[in-house]
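So the chains spell out like this:
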Amino acid sequence: MSTVLNDVVRVDRDGAVVIVTIDHPPANAISRAVISGVTQAITEAEADPGCRALILTGAGPKFFAAGADISEFGSAGGDNIAAGAEFTLAMERSRLPIVAAVNGIAFGGGCELTLACDVRIAASTARFGQPEIKLGIIPGWGGTQRLPRLIGRTAAMELLLTGDPIDAARALELGLVSRVVEPEALLDTAREVAGRYAAQAPLALAATKRAVAEGLDRPLAEGLEAERREFVGLFTSADAAEGITAFLEKRPPTWKGR
């Protein structure tokens, strides 16, 4: 059963996985309503202990999200940029692994949404780009920061300074996506991947995300310290005890999230 939020975001549940679909015709542009709806969907999923992973995708075969809704910029452009930047940070800080199932065009703010996800899976028809330079502006939702971190400075600068898009095959070559599949297999693949994450210990999933985020752009010693803190915090958890016991008893673990 689907739930529609703000008329532009659809939420479905598949076991421990929540599927959030941007459905804002004609191009799934990211409006304030889209941001609000996706934020609500993530917040509600995080509050549900039975939810362990989330998929973000776009409705229809052509667009994941073609960019920010330019019609809403106007005098509130600065506010929209701030809201979008905070929104992508909230995605990164979520306890849930978030998988972007990129079904089509992901340009501008749409591309930046995928960058804030933990994993990106692309349909063979997907395209990625940061075309802001062609409008005389720059990305405002993390494109200049996350893209170099994900694919390296040289490749990122080429995309940012030209504004030219890349196809799914090039995105895979650059490491922007983890795999490329045929369009009809995209959601099933995303469900399979998200389901594998959802089967892991929820506290360890969240701790892994925090450790990576905290240490990624710091000196190695600081990253190792962040990892150590997370390890120590987890080691006394009930889930850690269950995981070790289950391993010794050669049975699947039963995670409680505590």
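Definitions and limits used
Residues numbered from 1 in each chain as written. Predicted model: local features only at pLDDT ≥ 70, side-chain atom pairs only at ≥ 80, totals over all residues. Heavy atoms only, no water. Helix = DSSP H or I, 4+ residues; strand = E, 2+ residues; numbered from the N terminus. Rg over C-alpha atoms; globule rule 2.2 N^0.38 Å. Buried < 20%, exposed > 50% of the residue type's maximum accessible area, 1.4 Å probe, protein only. Contact = heavy atoms within 4.5 Å. Areas by Shrake-Rupley, 256 points an atom, 1.4 Å probe, with all protein chains shown as cover. Lys, Arg positive; Asp, Glu negative; His and termini not counted. Charge placed at Lys NZ, Arg CZ, Asp CG, Glu CD. Patch = residues over 30% accessible without salt bridge, like charges linked within 9 Å, V, L, I, M, F, W, Y side chains within 5 Å. Salt bridge = Lys/Arg side-chain N within 4 Å of Asp/Glu carboxyl O. Expected span 1.5 Å × (residues − 1).

S.K.: Looking at this structure, how should I read the overall build of the protein chain?
M.R.: When you go through the protein chain residue by residue, the secondary structure sums to 10 helices and 11 strands. Taken over C-alpha atoms, the radius of gyration comes to 19 Å for the protein chain, in line with the 18 Å a tight globule of 258 residues would show. For the C-alpha atoms alone, the extent of the protein chain along its principal axes is close to 60 × 45 × 35 Å. Within the span of the protein chain, comprising 258 residues, buried residues form 46% of the whole. Within the protein chain, contacts between residues separated by at least 24 positions form 67% of all contacts whose residues are at least 6 apart in sequence. Summed over its atoms, the accessible surface of the protein chain is roughly 12800 Å², and 58% of this surface lies on carbon and sulfur atoms. Taking the average place of the 26 positive charges on the side chains of the protein chain and the average place of its 32 negative ones, the gap between the two points comes to 4 Å.

S.K.: How do you make sense of unusual backbone geometry when you look at a structure like this?
M.R.: With the exception of glycine, the majority of residues adopt a negative phi angle, and the majority of peptide bonds are in the trans configuration. Cis geometry is found at the peptide bond from Pro25 to Pro26, where omega equals 5°. Topologically, Pro26 is positioned in the loop between strand S3 (17-22) and helix H1 (32-47). You will see that Asn28, though not glycine, has its phi angle at about 55°, which is positive. When you line up the elements, Asn28 lands in the loop between S3 and H1.

S.K.: Even after reading the chapter, I still don't get a nonpolar patch on the surface, so can you show me in this structure?
M.R.: On the surface, Phe231, Val232, Phe235, Ile244, Phe247 and Leu248 cluster together into a nonpolar patch covering about 700 Å² of accessible area. Elements supplying a minimum of two residues to the nonpolar patch: helix H9 (220-235) and helix H10 (238-248). Position of Phe247 among the secondary structure elements: in helix H10. According to the relative accessible area criterion, Phe247 is exposed, its value standing at 66%.

S.K.: Looking at this model, I keep getting lost on the pattern of salt bridges. Mind explaining?
M.R.: Two side chains carrying opposite charge are able to pair once their charged atoms lie near each other. Scanning all chains against the criterion turns up 19 salt bridges. Residue Arg146 pairs with Glu92 through a salt bridge whose shortest N-O separation is 2.6 Å. Residue Arg146 is located in helix H4 (residues 143-151), and its partner Glu92 is located in helix H2 (residues 77-93); the two are separated by 54 residues in the primary sequence. The class of Arg146 is buried, set by a relative accessible area of 10%. Classification of Glu92 by relative accessible area gives partly exposed; the value is 31%. Two residues, Asp164 and Lys134, come together in a salt bridge whose shortest N-O distance is 3.0 Å. Of this pair, Asp164 sits in the loop between helix H5 (153-162) and strand S10 (166-167) while Lys134 sits in the loop between strand S9 (127-129) and H4, and the two are 30 residues apart along the sequence. The network of salt bridges with common partners includes Glu214, Arg218, Glu225, Arg228 and Arg229.

S.K.: Any chance you could explain the environment of Pro49 here in plain terms?
M.R.: Of note, Pro49 is situated in the loop between H1 and strand S4 (53-58). Counting along the chain gives 42 residues from Pro49 to Asp7, while the straight-line C-alpha distance between them is 26 Å.

S.K.: Teacher, can you tell me more about helix H8 (residues 202-215) here?
M.R.: Because the α-helix completes a turn every 3.6 residues, residues three or four places apart line up on one side. The end-to-end C-alpha distance of H8 is 20 Å, a good match for the 20 Å that 14 residues give at a rise of 1.5 Å each. Restricting attention to buried positions, one finds in H8 the residues Pro202, Leu205, Ala206, Ala207, Lys209, Ala211 and Gly215.

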